[in-house]
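What follows is each chain in one-letter form.
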Amino acid sequence: HIPSAGQYPQPLLSSAGRTRNIGSVGRTNQKVPCAWLAINFRGSTGYGRDFERLNHGDWGVGDTKDCLAAADFLRTLDWVDDDRLGIFGSSYGSYLALLAVTDDPEHRYRCAVAKYGDCDILTSWAQGDREGVQDMGRMMAHPSHDPAAYRAGSPVHRLANVEAPLLIAHGELDLPVRRRDRAARARAAERKLDEGPDRGEDVHRAQRRGDARGLDA
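Worth saying up front: this structure is predicted, and the values here are computed from it rather than measured.

Novice: Explain the overall build of the protein here, please?
Specialist: In terms of helices and strands, the protein carries 8 helices and 6 strands. Secondary structure elements of the protein, listed N to C terminal, follow the sequence β-β-α-α-β-α-β-α-α-α-β-α-β-α. When burial is assessed residue by residue, the protein has 46% of its 217 residues classed as buried. Of the contacts made within the protein by residues no fewer than 6 positions apart, 71% connect residues no fewer than 24 positions apart. Counting only carbon and sulfur atoms, one obtains 50% of the accessible surface of the protein, whose full area is about 11,000 Å².

Here's what the structure looks like:
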């Protein structure tokens, strides 16, 4: 969405999945004028097989650079207030939103919202649901084959770098990302962990009913 005039804060939406394509941005609460940019980072569909496989073995590194490059692009637009950039996402997009405020010494984003996302991909490989573990094994291989890649892709080890306000929203019954992982993320970042009783993927449905069970900022 491009505003007609003036300078606007720019919340930045990262994709909800590792291999998905963002075609449009859904309607949101527009009480505060703002603009949106949806990122199809490396690993997204719609740009060919080679592009989709660029983040194989590289979770949370190259695709985070794409999110930071998006912020750099926004800074070149005179109608964007580059001191008020924010980023949010759900699932894998949440994971990247967290990484964008963890692994950026320039602190491009002034706030972040992480909705039912990951923090420690090694823990998720060891304790996650079967589908998620198989997907991770297909894209990242076994942790014993490249432990450095799993560590590089796990922001839990670097959360002391987080300076921007960070809202974490997660369901208590989420299986792909266990509660202990989420709690460790909140403690390390010294931010509030907002939890609800649902699985993470139910957050959208709760919001549509007007009852986000404490998960809506």
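From this point, the narrative continues.
Novice: In this structure, what is going on with the nonpolar core? I would like to understand it.
Specialist: Generally speaking, soluble globular proteins have nonpolar side chains that are buried together. Core analysis: the largest hydrophobic core is formed by 35 residues, its most contacted members being Trp59, Ile87 and Tyr109. For this core, the secondary-structure elements that each account for two or more residues are helix 2 (62–74), strand 3 (80–90), helix 3 (92–102), strand 4 (111–115), helix 5 (130–140), helix 6 (147–152) and strand 5 (166–171). Per-element accounting of this core gives the leading share, 8 residues, to helix 3.

Novice: Looking at this structure, how should I read the environment of leucine 85?
Specialist: Mapped onto the secondary structure, leucine 85 falls in strand 3. Taking the C-alpha atoms as reference, leucine 85 lies 5.0 Å from tyrosine 109; in sequence the two are 24 residues apart.

Novice: Hey, could you run me through the packing of aromatic side chains in this one?
Specialist: Remark: the centre distance and the inter-plane angle together describe each pair of aromatic rings, the angle taken between the planes. Taken as a whole and judged by the stated rule, the model has 5 aromatic pairs. Ring geometry for tryptophan 36 versus phenylalanine 88: centroids 5.9 Å apart, planes at 80 degrees, classification edge-to-face. Here phenylalanine 88 lies in strand 3 and tryptophan 36 lies in the loop between strand 1 (8–14) and strand 2 (37–39), a separation of 52 residues in the sequence. A relative accessible area of 16% means that tryptophan 36 is categorised as buried. Ring geometry for tryptophan 59 against tyrosine 92: centres 5.4 Å apart, planes inclined by 80 degrees, an arrangement best described as edge-to-face. Note that tryptophan 59 is positioned in the loop between helix 1 (49–52) and helix 2 and tyrosine 92 in helix 3, a separation of 33 residues in sequence. A residue is classified by how much of its surface remains accessible, and tryptophan 59, at 3% relative accessible area, is buried. One aromatic cluster in this structure is built from Phe41, Trp59, Tyr92 and Tyr95.

Novice: Would you explain the pattern of salt bridges in this entry?
Specialist: Here the idea is simple: oppositely charged side chains can pair when their charged atoms come close. This model, assessed by the stated rule, comprises 9 salt bridges. Two residues, aspartate 83 and arginine 110, come together in a salt bridge whose shortest N-O distance is 2.7 Å. Of the two residues, aspartate 83 sits in strand 3 while arginine 110 sits in the loop between helix 3 and strand 4, which places them 27 residues apart along the sequence. By relative accessible area, aspartate 83 is classed as partly exposed at 45%. Of the charged contacts in the structure, one is a salt bridge between arginine 108 and aspartate 104, with a shortest N-O distance of 2.5 Å.

Novice: Sorry if this is basic, but what is going on with the environment of alanine 169 here?
Specialist: Structurally, the position occupied by alanine 169 is in strand 5. With 55 residues separating them in the primary sequence, alanine 169 and alanine 114 have C-alpha atoms 6.2 Å apart.

Novice: Which parts of the structure should I look at to understand the pairing of strand 4?
Specialist: Along any regular strand, the residues point their side chains to alternate faces of the sheet. When strand 3 meets strand 4, the two strands line up parallel, connected through 5 bridges. Considered in strand 4, the bridge of isoleucine 87 is made with alanine 112. Each parallel crossover has a hand, and the one from strand 3 via helix 3 to strand 4 is right-handed.

Novice: Is there a simple way to explain helix 2 in this structure?
Specialist: What sets the pattern is the α-helix's 3.6 residues per turn: residues three or four places apart point alike. Here helix 2 spans 19 Å end to end across 13 residues, near enough to the 18 Å set by a 1.5 Å rise per residue. Within helix 2 the residues assigned to the buried category are Gly62, Asp63, Thr64, Asp66, Cys67, Leu68, Ala70, Ala71 and Leu74.

Rules and cut-offs
- Residues numbered from 1 in each chain as written.
- Predicted model: local features only at pLDDT ≥ 70, side-chain atom pairs only at ≥ 80, totals over all residues.
- Heavy atoms only, no water.
- Helix = DSSP H or I, 4+ residues; strand = E, 2+ residues; numbered from the N terminus.
- Buried < 20%, exposed > 50% of the residue type's maximum accessible area, 1.4 Å probe, protein only.
- Contact = heavy atoms within 4.5 Å.
- Areas by Shrake-Rupley, 256 points an atom, 1.4 Å probe, with all protein chains shown as cover.
- Core = buried A, V, L, I, M, F, W, Y, C linked by side-chain atoms within 4.5 Å.
- Phe/Tyr/Trp six-rings, centres within 6.5 Å; stacked < 30°, edge-to-face > 60°.
- Salt bridge = Lys/Arg side-chain N within 4 Å of Asp/Glu carboxyl O.
- Pairing = 2+ DSSP bridges.
- Right-handed = clockwise from strand over helix to strand, strands pointing away.
- Expected span 1.5 Å × (residues − 1).

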